[in-house]
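Each chain, letter by letter, is given below.
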Amino acid sequence: MKLVTYQQSGGSMRAGAFVDDDTKIVDLAGAHASAFGEDDPVFSSVLSIIEGGDAALDRAYEVLKKADGGATLDRSSVKLHAPIQPPPQMRDCLCFELHLKQSFAAARRIRAGAAPDPEAALAEMERTGVLQIPQTFYDQPIYYKANRFSVVGPDEDVVWPRYSKLMDFELEFGFYFARQAVDVPREKARDYIYGYTIFNDFSARDAQTAEMGGQLGPAKGKDFDKGNAMGPCLVTADELKDPYNLTMICRVNGEEWGRGNTSSMYWKFEDLIAHISQSETLYPGEFFGSGTVGNGCGLERMKFLKHGDVVELEVEGIGILRNRVLTAA
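A short tour of the structure in this document, coming up. (Residues numbered from 1 in each chain as written. Predicted model: local features only at pLDDT ≥ 70, side-chain atom pairs only at ≥ 80, totals over all residues. Heavy atoms only, no water.)

Moving on, we come to the overall build of the protein chain. Secondary structure summary: the protein chain contains 8 helices and 19 strands in total. On C-alpha atoms alone, the protein chain measures out to a radius of gyration of 20 Å, which is about the 20 Å that the 2.2 N^0.38 rule sets for 329 residues. Here the protein chain holds 329 residues, and 50% of them are scored as buried. The contacts of the protein chain with a sequence gap of at least 6 include a subset with a gap of at least 24, amounting to 76%. Of the roughly 14200 Å² that the protein chain leaves accessible, carbon and sulfur atoms contribute 48%. (Helix = DSSP H or I, 4+ residues; strand = E, 2+ residues; numbered from the N terminus. Rg over C-alpha atoms; globule rule 2.2 N^0.38 Å. Buried < 20%, exposed > 50% of the residue type's maximum accessible area, 1.4 Å probe, protein only. Contact = heavy atoms within 4.5 Å. Areas by Shrake-Rupley, 256 points an atom, 1.4 Å probe, with all protein chains shown as cover.)

Written out as structure tokens, the structure is:
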């Protein structure tokens, strides 16, 4: 099933499901009331459906089978939000080695470019190992906790922070955690994945490059309003059975800037769950990003966004996440 959170003009956020090749949305609460003659609070939000577990998802399938036209809307008539906006918690991880290799090389060039002698500065950074892939990446999954309140959905305009000149995007996908658990063994971790969505981790590259020397993770390079775009839907794990063979494509103004495949993940989602859940309880609806696929951002090409650019991220089996970037007035 492809679950969505949508809103009609003047209304509140509601839970729905894509049907008819993602062109229409069934309002799950309305369809349930029509089919069964009573309300079910589990359909008050996508998060409530996840918290309801397998029984809630099974009920949702029953609702879709019985849904009539009265609870069905055209996708074009509503505003889509992120599947869970905001999620209870979100982490972004580093799963793709190629992205790191290419991005660190580009970051060295950016930092060297600000020095009086860029060539000498670049040579010194390469000699001393500045901005190289840390050994930690190969030893264990790396992640940071992102700003869940900056999550927005598809077709939302992202206004660039005033302190940054280098606007960039990141082609990612990720998963939502299914149910409360701690110390999940890797061999059982797939059972705790509820479903998947596309994630655009918009990034202020100049701010990020400047602050990463502090070795405390990204801050203002990532944390600004509307900087975490997700959507257009949550594809449940029973529908997307193999997350490790999906084509990922990024386009800017219709031009392809890069592509990759989830088969190139150095760390799998099961690795993330096993590592992060050690002595830490995880809860339904928490989001985990994959990190950027190789060739999945402008930084790797030393090519950046400008005012009015429209970024499209496509992941096979999920859909297209589209957002426009605007500079602050």
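Let us look at the environment of valine 311. Mapping valine 311 onto the fold places it in strand β18 (residues 310–315). Residues valine 311 and aspartate 155, spaced 156 residues apart in sequence, show a C-alpha to C-alpha distance of 9.6 Å. Leaving out residues up to four positions away in the same chain, valine 311 has contacts with Phe169, Asn200, Phe202, Arg251, Leu305, Leu321, Arg322, Asn323 and Val325.

Residues Asp54, Asp58, Asp238 and Glu239 make up a contiguous surface patch of negative charge. The topology assignment puts aspartate 58 in helix α3 (residues 53–66). (Patch = residues over 30% accessible without salt bridge, like charges linked within 9 Å, V, L, I, M, F, W, Y side chains within 5 Å. Salt bridge = Lys/Arg side-chain N within 4 Å of Asp/Glu carboxyl O. Lys, Arg positive; Asp, Glu negative; His and termini not counted. Charge placed at Lys NZ, Arg CZ, Asp CG, Glu CD.)

Packing of helix α4 (residues 97–113) against helix α5 (residues 118–128) brings their axes to within 8 Å, and their N-to-C directions diverge by 135°. One way to sum up the angle between α4 and α5 is to call them oblique. Relative to α5, the crossing made by α4 is right-handed. Note on element contacts: α5 touches α4 through Pro118, Ala121, Leu122, Met125 and Glu126, opposite Arg108, Arg109, Arg111, Ala112 and Gly113. (Axes fitted to C-alpha atoms, helices over the stretch in contact; angles between N-to-C directions. Parallel < 35°, antiparallel > 145°, perpendicular 65-115°, else oblique. Left-handed = near helix turned anticlockwise from the far one by under 90°.)

Moving on: the pairing of strand β19 (residues 319–327). The side chains of a regular strand alternate between both faces of the sheet. Both strand β9 (residues 158–160) and β19 contribute to a ladder of 3 bridges, which runs parallel. Its bridge partner lying in β19, tryptophan 160 is registered against threonine 327. Two strands pair when backbone bridges link them, and β18 and β19 are joined in this way by 6 bridges, in the antiparallel orientation. Note that in β19 the partner of valine 315 across the bridge is glycine 319. Once β18 ends, the chain turns through 3 residues before running back antiparallel as β19, passing glycine 317 with a positive phi of about 85°. (Pairing = 2+ DSSP bridges.)

What follows concerns the nonpolar core. Core analysis: the largest hydrophobic core is formed by 59 residues, its most contacted members being Phe169, Phe173, Phe175, Phe202, Phe269, Leu305 and Ile318. Sequence-distant contacts of isoleucine 318, defined by excluding residues within four places in its chain, comprise Lys2, Phe173, Tyr196, Thr197, Ile198, Pro232, Cys233, Val235 and Leu240. Of all hydrophobic cores here, the second largest spans 30 residues; its members include Met1, Val42, Ile50 and Tyr194. (Core = buried A, V, L, I, M, F, W, Y, C linked by side-chain atoms within 4.5 Å.)

The strands making up a sheet associate through backbone hydrogen bonding, with each pair oriented either parallel or antiparallel. The strand order β9-β19-β18-β15-β16 describes an open sheet built from 5 strands, whose pairing is mixed. Edge positions in the sheet fall to β9 and β16 (255–261), since each of these pairs with one other strand and no more. In this sheet, adjacent strand axes meet at a mean angle of 20° when their direction is disregarded.

Right, let's talk about the pattern of salt bridges for a bit. Evaluated as defined, the whole model comprises 25 salt bridges. Among the salt bridges present, the one from glutamate 62 reaches arginine 59, with a minimum N-O distance of 3.3 Å. Remark: arginine 59 and glutamate 62 occur in helix α3; sequence separation between them is 3 residues, near one turn of the helix. Judged by relative accessible area, which is 35%, glutamate 62 ranks as partly exposed. Judged by relative accessible area, arginine 59 falls into the partly exposed class, the value being 23%. Residue arginine 251 is joined to glutamate 314 by a salt bridge in which the shortest nitrogen-to-oxygen separation is 2.8 Å. Of this pair, arginine 251 sits in strand β15 (residues 247–252) while glutamate 314 sits in strand β18, and the two are 63 residues apart along the sequence. Taken together, the shared-partner salt bridges in this structure form one network comprising Asp155, Arg251, Glu312, Glu314 and Arg322.

Moving on: the environment of aspartate 238. Tracing the chain through its elements places aspartate 238 in the loop between β14 (228–236) and β15. With a relative accessible area of 34%, aspartate 238 lands in the partly exposed category. Separated by 39 residues in sequence, aspartate 238 and serine 277 have C-alpha atoms that sit 23 Å apart. In this structure, aspartate 238 is in contact with Met1, Leu57 and Tyr61, ignoring residues within four places of it in sequence.

Let's shift gears to the packing of aromatic side chains. Scanning all chains against the criterion turns up 17 aromatic pairs. An angle of 80° between the planes, with centres 5.0 Å apart, marks the rings of phenylalanine 137 and tyrosine 138 as edge-to-face. Looking at tyrosine 138, the relative accessible area reads 27%, which means it is partly exposed. When the ring of phenylalanine 177 is compared with that of phenylalanine 288, the centres are 6.2 Å apart and the planes differ by 50°; the resulting orientation is tilted. Placement of phenylalanine 177 in strand β11 (residues 171–177) and of phenylalanine 288 in strand β17 (residues 287–289) is noted, with a sequence separation of 111 residues between them. (Phe/Tyr/Trp six-rings, centres within 6.5 Å; stacked < 30°, edge-to-face > 60°.)

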